[in-house]
Amino acid sequence: MGVLTSLLTACSGFLLAVLWMDLIFDSQLRSHDRRVEQLPDAALASIAGYYHRATTTSQPMGGLIAVVMVVLLAALAAEAVVGAGPGWLLGISAVLAGGPIVLALARTVPNAVRLGRRTDTAAEQTRLARAIYRDHTVCGLSMLVFLVLWLGWLGR
């Protein structure tokens, strides 16, 4: 296994683990009816408290996630230039990794910071929590497929 492939699998595994932890808190939404305009305060407090810690008070550890994202994209770019991976694998991987990273930077993290502040109405906090949950589900599935593809490529 090459260094770049090791980096790709390690980074995607790390990001998948982080998303799993996020989904543990996000999944509190599943026990409440989607048609309800706002979640009970206990659920909102739990989810918002987690995101406050994850995005605001856990620094510099929270920054590690961004570093891993950059390393993943750099390793993928390097693999495209010097690696032995086929074009189809690199193309699919770019979408599977790049899409969630752009989504996280553009929407998920700002929503999580905002939810963590708890300055919005309960209805708006509920909307933010639901949006974060959807984003994390999409990102988690993308990272899982990314990791499975690269582990499959390694096992060929």
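Overview of the structure. All values reported here derive from a predicted model rather than from experimental measurement.

## Examining the overall build of the chain
Of regular secondary structure, the chain possesses five helices and zero strands. If you list the helices and strands of the chain from N to C, you get α-α-α-α-α. Along the longest, intermediate and shortest principal axes, the C-alpha atoms of the chain span 50 × 30 × 20 Å. Sorting the 156 residues of the chain into buried and exposed places 41% on the buried side. With the model as given, the accessible surface of the chain reaches about 8300 Å², and the carbon-plus-sulfur share is 69%. A gap of 2 Å separates the mean positions of the 12 positive and 9 negative side-chain charges of the chain.

## Overview of the pattern of salt bridges
A full pass over the atoms with the stated rule returns five salt bridges. A salt bridge links Asp41 to Arg118; its shortest N-O distance comes to 2.7 Å. In this pair, Asp41 sits in helix H2 (residues 41-57) while Arg118 sits in the loop between helix H4 (87-117) and helix H5 (122-154), placing the two residues 77 residues apart along the sequence. A residue is classified by how much of its surface remains accessible, and Arg118, at 29% relative accessible area, is partly exposed. With a closest N to O distance of 2.7 Å, Arg127 and Glu124 form a salt bridge. Note that Arg127 and Glu124 are positioned in helix H5 at a spacing of three residues, about one turn of the helix.

## Here we look at the nonpolar core
Counting 20 residues, the largest nonpolar core has Leu8, Leu15, Leu72, Leu76, Met143, Phe146 and Trp150 as the members making the most contacts within it. Of all the secondary structure elements, the ones that give two or more residues to this core are helix H1 (3-26), helix H3 (61-82), H4 and H5. No other element matches the six residues that H4 contributes to this core. In contact with Leu72, not counting residues within four places along its chain, are Leu8, Cys11, Ser12, Leu15, Ala97, Ile101, Met143 and Phe146. Formed by 15 residues, the second largest nonpolar core is a distinct cluster that contains Ala43, Leu44, Ala48 and Tyr51.

## Some points on the layout of surface pockets
Of the pockets and cavities examined, the largest pocket occupies roughly 680 Å³. Together, 30 residues line the largest pocket, and Val18, Asp22, Gly62, Ile65 and Val109 are the ones closest to its centre. Of all elements in the fold, only H1, H2, H3, H4 and H5 reach the threshold of two or more residues within the lining of the largest pocket. Taken together, the residues of the lining of the largest pocket sort by class into 21 nonpolar, seven polar and two charged.

## Focus on the packing of aromatic side chains
Each aromatic ring pair is specified by the distance between its two centres and by the angle formed by the two planes. One pass over the full model with this rule turns up three aromatic pairs. Where Phe25 meets Tyr50, the ring centres are 4.1 Å apart and the plane angle is 10 degrees; that geometry is what we call stacked. Placement of the pair is Phe25 in helix H1 and Tyr50 in helix H2, with a sequence separation of 25 residues. Where Phe146 meets Trp150, the ring centres are 6.3 Å apart and the plane angle is 40 degrees; that geometry is what we call tilted. In this pair, Phe146 and Trp150 both sit in helix H5, four residues apart, roughly one turn of the helix. The pair formed by Phe146 and Trp150 is uniform in burial state, with each residue classed as buried.

## Focus on H2
All of the buried residues along H2 are Ala43, Leu44, Ile47, Ala48, Gly49, Tyr50 and Tyr51. Buried residues in H2 make contact with H1, H4 and H5.

About the criteria used
Residues numbered from 1 in each chain as written. Predicted model: local features only at pLDDT ≥ 70, side-chain atom pairs only at ≥ 80, totals over all residues. Heavy atoms only, no water. Helix = DSSP H or I, 4+ residues; strand = E, 2+ residues; numbered from the N terminus. Buried < 20%, exposed > 50% of the residue type's maximum accessible area, 1.4 Å probe, protein only. Areas by Shrake-Rupley, 256 points an atom, 1.4 Å probe, with all protein chains shown as cover. Lys, Arg positive; Asp, Glu negative; His and termini not counted. Charge placed at Lys NZ, Arg CZ, Asp CG, Glu CD. Salt bridge = Lys/Arg side-chain N within 4 Å of Asp/Glu carboxyl O. Core = buried A, V, L, I, M, F, W, Y, C linked by side-chain atoms within 4.5 Å. Contact = heavy atoms within 4.5 Å. 1 Å grid on protein atoms, 1.4 Å probe; cavity = no way out; pocket = protein on both sides within 12 Å on 5 of 7 lines; lining within 4 Å. Points joined across faces, edges and corners; volume = space filled by probe spheres on them. Nonpolar A, V, L, I, M, F, W, Y, C, P; charged D, E, K, R; others polar. Phe/Tyr/Trp six-rings, centres within 6.5 Å; stacked < 30°, edge-to-face > 60°.

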